[in-house]
Amino acid sequence: ALIGVFVANDGFLFYVFWELALIPIYFICLLWGGENRSAITFKFFVYTLFGSLFMLVGLIYLYNHTNVQGFKSWAIQDLYAAGQSLNENQQSAVFWLIFIAFAIKMPIFPLHTWQPDTYVTAPTQGTMLLSGIMLKMGTFGVIKWLLPIVPLGLQKWGGTAITLSVV
């Protein structure tokens, strides 16, 4: 699933692999985590689920604005074109919808509160997967998906995103 996240050039496949990547870490933390692992794993699950739902809404919005010879498309280049054709307000909305999912994974303030508890409770292997690979999914998503899709949204809200990242 992680390889799928990094190689997908299709918005729908990217989303599916993004979700599938959560399943192993969920079970690693739930089955082999430390004390109070059920509540902490549930918090991790809720954060990532809501972030993913925001991203799904943003991707569907972009998909509905694609037009390739009269058909809709999930192809990354078509989503880039669709996003770039939106006005500043639309791009701003898509920016935040997709950025929230990536910000939860990176994690960025104030969407980071799942991280300390999960790191402490997860077994060593789970912490390694979270910090070594899964956090990179968020940064990768910003670079490959968000930046090219919504340049006007980035121009308007990039400073805010950077400030939240520094905090």
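In short, a report on the structure. Keep in mind it's a predicted model, so treat the numbers as computed, not measured.

Further remarks concern the environment of Leu 86. Within the secondary structure, Leu 86 sits in the loop between helix H5 (76–84) and helix H6 (88–105). Since its relative accessible area comes to 4%, Leu 86 is described here as buried. Distance from Leu 86 to Asn 67, taken between C-alpha atoms, is 13 Å for residues 19 residues apart in sequence. Not counting residues up to four positions away in its chain, the partners in contact with Leu 86 are Tyr 61, Leu 62, His 65, Gln 91, Val 94 and Leu 152.

An ideal rise of 1.5 Å per residue puts 38 Å on 26 residues; helix H8 (residues 124–149) measures up with 36 Å between its terminal C-alpha atoms. A maximum bend of about 35 degrees is found in H8 at Val 142.

In this section: the packing of aromatic side chains. Working definition: an aromatic ring pair is given by the centre-to-centre distance plus the angle between the planes. Under the criterion given, the structure shown has 13 aromatic pairs. Seen from their ring centres, Tyr 63 and Trp 74 are 4.4 Å apart, and the 15 degrees between their planes marks the pair as stacked. Taken as a pair, Tyr 63 in helix H4 (residues 37–64) and Trp 74 in the loop between H4 and H5 lie far apart in primary sequence, eleven residues in all. Pairing Trp 96 with Trp 157 gives two aromatic rings, centres 5.6 Å apart and planes at 75 degrees, and the pair type is edge-to-face. Of this pair, Trp 96 sits in helix H6 while Trp 157 is found in helix H9 (residues 151–166), placing the two residues 61 residues apart along the sequence. By way of ring pairs, the aromatic residues Phe 14, Trp 18, Phe 102 and Trp 145 are connected into one cluster.

What counts and what doesn't
- By convention here, each chain's residues receive numbers from 1 onward along its written sequence.
- Where totals are concerned, whole chains, interfaces and linings use all residues; where local detail is concerned, this predicted model gives features only for residues with pLDDT of at least 70, and gives and counts side-chain atom pairs only at 80 or more.
- Processing note: side-chain calculations cover all non-hydrogen atoms of the structure and skip hydrogens and water entirely.
- Helical segments are the DSSP runs of H or I of at least four residues, strand segments are the runs of E of at least two, and each set is numbered from the N terminus.
- Per-residue accessibility, obtained with a 1.4 Å probe over protein chains only, is compared with the maximum for each type, and a residue is labelled buried under 20%, exposed over 50%, and partly exposed between these values.
- Here, residues are in contact when the closest pair of their heavy atoms is within 4.5 Å.
- To estimate how far a helix should reach, multiply one less than its number of residues by 1.5 Å.
- A residue's bend is simply the angle between two axes: one fitted to the seven residues ending at it, one to the seven starting at it.
- Working definition: rings of Phe, Tyr and Trp (its six-membered ring) pair if their centres are within 6.5 Å, and the pair is stacked with planes under 30 degrees apart, edge-to-face with planes over 60 apart, and tilted otherwise.

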